[in-house]
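Residue-level structural notes
One letter stands for each residue in the lines below.
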Amino acid sequence: MPPRFLTSWRMPVTCAALLIAGGAAGALAGSTLAGVTVVSLVEIVVLLSLFRHKSGPMLQTPATPHPEYDRLMTRTRRIASRLRDLRSAAGSLPDGVVLLDHSQHIRWFNHAAEELLGLKGPRDRGRFLSEALKNSELAGWLEEGAREPLTDAAAPGHPNRHITATLLPFGSRQRLLLARDTSHLTRLEQIRRDFVANVSHELRTPLTVIHGYLELLDPEDVPELAPVLDEMRAQSKRMGQIVEDLLTLSRLETQDHLVEEHVPMAPLLASLRKEAEALSQGRHTVSLDVATSADLLGSIKDLHSAFGNLVSNAVRYTPTGGKIAIRWAPFDGGARFSVQDSGFGIPAAHIARLTERFYRVSSSRSRDSGGTGLGLSIVKHVLNLHQARLAIESEPGKGSTFACVFGSDRLLDGSRLHDVAGAPA
Ligand code: ADP
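The structure presented is a predicted model; accordingly, all values stated were derived computationally and were not measured.

1. Thoughts on helix α11 (residues 300-316)
In a regular helix each residue adds 1.5 Å, so 17 residues correspond to 24 Å; α11 covers 24 Å between its end C-alpha atoms and thus fits that length. Burial within α11 is extensive, with 12 of its 17 residues counted as buried. Considered for burial, the residues of α11 that qualify are Asp302, Leu303, Ala306, Phe307, Gly308, Asn309, Leu310, Val311, Ser312, Asn313, Ala314 and Val315.

2. Things to note about the sheet that holds strand β3 (residues 150-155)
One open sheet accounts for 5 strands, arranged β2-β1-β5-β4-β3; its pairing is antiparallel. Taken across any chain shown, the strands that pair with only one partner, and hence form the sheet edges, are β2 (106-109) and β3. Going from strand to strand, the sheet's axes swing by 30° on average, the running direction of each strand aside. Taken together, the 3 bridges between strand β1 (residues 96-100) and β2 define a ladder with antiparallel strand orientation. When the sheet's bridge partners are listed, Val98 is paired in β2 with Phe109. In the packing of helix α8 (residues 183-216) onto the sheet, contacts are made with β3, β4 (158-170) and β5 (174-181), and the angle to β4 comes to roughly 125°.

3. Details of the site of the ligand
The full set close to the ligand counts 20 residues, and Arg316, Tyr317, Ser366, Gly373 and Leu376 are the nearest of them. At a separation of 2.9 Å, an oxygen atom of the ligand approaches a polar backbone atom of Thr372. Here an oxygen atom of the ligand sits 3.3 Å away from a polar atom, N or O, in the main chain of Gly375. Look at the ligand: alone it shows 530 Å² of surface, and the protein chains cover 98% of it.

4. Here we look at the packing of helix α10 (residues 265-280) against α11
Closest axis-to-axis distance for the α10/α11 pair is 10 Å, and the angle between their directions is 30°. As summarised for this structure, α10 and α11 are arranged roughly parallel, according to the angle between their axes. In this structure, the crossing between α10 and α11 has a hand that is right-handed. Contact with α10, carried on its side by Met265, Leu268, Ser271, Leu272, Glu275, Ala276, Leu279 and Ser280, involves His304, Phe307, Gly308, Val311, Ser312 and Val315 of α11 and no other residues of that element. Partitioning the contact of α10 with α11 into residue classes produces 8 nonpolar, 5 polar and 1 charged.

Reading guide: rules and limits
Residues numbered from 1 in each chain as written. Predicted model: local features only at pLDDT ≥ 70, side-chain atom pairs only at ≥ 80, totals over all residues. Heavy atoms only, no water. Helix = DSSP H or I, 4+ residues; strand = E, 2+ residues; numbered from the N terminus. Expected span 1.5 Å × (residues − 1). Buried < 20%, exposed > 50% of the residue type's maximum accessible area, 1.4 Å probe, protein only. Pairing = 2+ DSSP bridges. Axes fitted to C-alpha atoms, helices over the stretch in contact; angles between N-to-C directions. Contact = heavy atoms within 4.5 Å. Near = heavy atom within 4 Å. Polar contact = N/O pair within 3.5 Å; in protein donor to acceptor, adjacent residues only side chain to side chain. Areas by Shrake-Rupley, 256 points an atom, 1.4 Å probe, with all protein chains shown as cover. Parallel < 35°, antiparallel > 145°, perpendicular 65-115°, else oblique. Left-handed = near helix turned anticlockwise from the far one by under 90°. Nonpolar A, V, L, I, M, F, W, Y, C, P; charged D, E, K, R; others polar.

Next up, the structure:
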């Protein structure tokens, strides 16, 4: 009689389930390599489970030759050889792979997992994974449930390397941990940030000098050059603003925590309204609606800059006669700062990309209105630092609403004021 594992209905069902899990995992991980990796691994798991009993005699040699027995043996050898190939392929994959049982104990890991995660075989086989990862960022992520992929984490086995980790479910409550070395991407990102910050910094001084000399020139001395001088002044001012915005973005990108200050909302909102009116110069109706007395916890300077960008956009992208409404109101347990305009609006296809640097719906309209193309990037970074999000609703021809949504942790009421720097005594 053939062994139970070859006839059991469980084998094809498990194979199919695992292959589907593998494909889905590949898609989740977002790359063909990851997909291939996971599919191959899933096959290995199946084969490993088939050969779980390989140390004992799997088949009893029958007393008399039997064609069924020979066929079975040939098939068994083929599967064994495939298992060896797959094991060696998985072993040499560049991504760290760890197979876990239902209680997160380590069943198997490859060579890259040893390097990146600091695991050692046979010492760590059978150990609880987060225990084997020794108080690392990865261990903390696993203990919190590892629901989202962990990006740009320090590799527990290599202090100078960075990894992205994903935990994928498969089979009956088993898990697969994939760890990819992303150090080169982190390095490239660092080079890009340093380059932008250095170029912006180097441009700042010469631009200040040019701008200073342009201010000294009097158009009345050479009236025929007055329009040229005006244009030169406007452009040097614009370049100066781009440099300042790039430096602000560089600072926000490298900053991972905030100076936690008490941000009094009443004076901030009043000042935003005044800024809108000054920029509009009577061309729009500006209103302010304050529906909560809550203040914010965060950086006064950065929040003012983010809210100011939204107000300035509303004025710049709303034709004369339009309305601009600034609101501060309770929302979903937290609070929401919003700026609504009755302006040009934005087609839906552009909305997801608005916070990219230099992304504009209409370059000429943005430039004519004095934009740098960096305002919404700054808003997004400031909000990220405050664990807040930007919500955009817009309809072409009708107008837009840009809202900053803050969680309850960022709100200050009277009872919490005394804990915070900058709070009134
Ligand atoms: P810019 O300096 O060009 O305004 P932003 O990053 O602030 O750069 O905005 C990106 C783009 O989003 C703008 O170029 C504009 O096309 C669009 N946009 C931003 N705010 C509004 C708004 N209130 N109404 C219509 N379009 C807007």
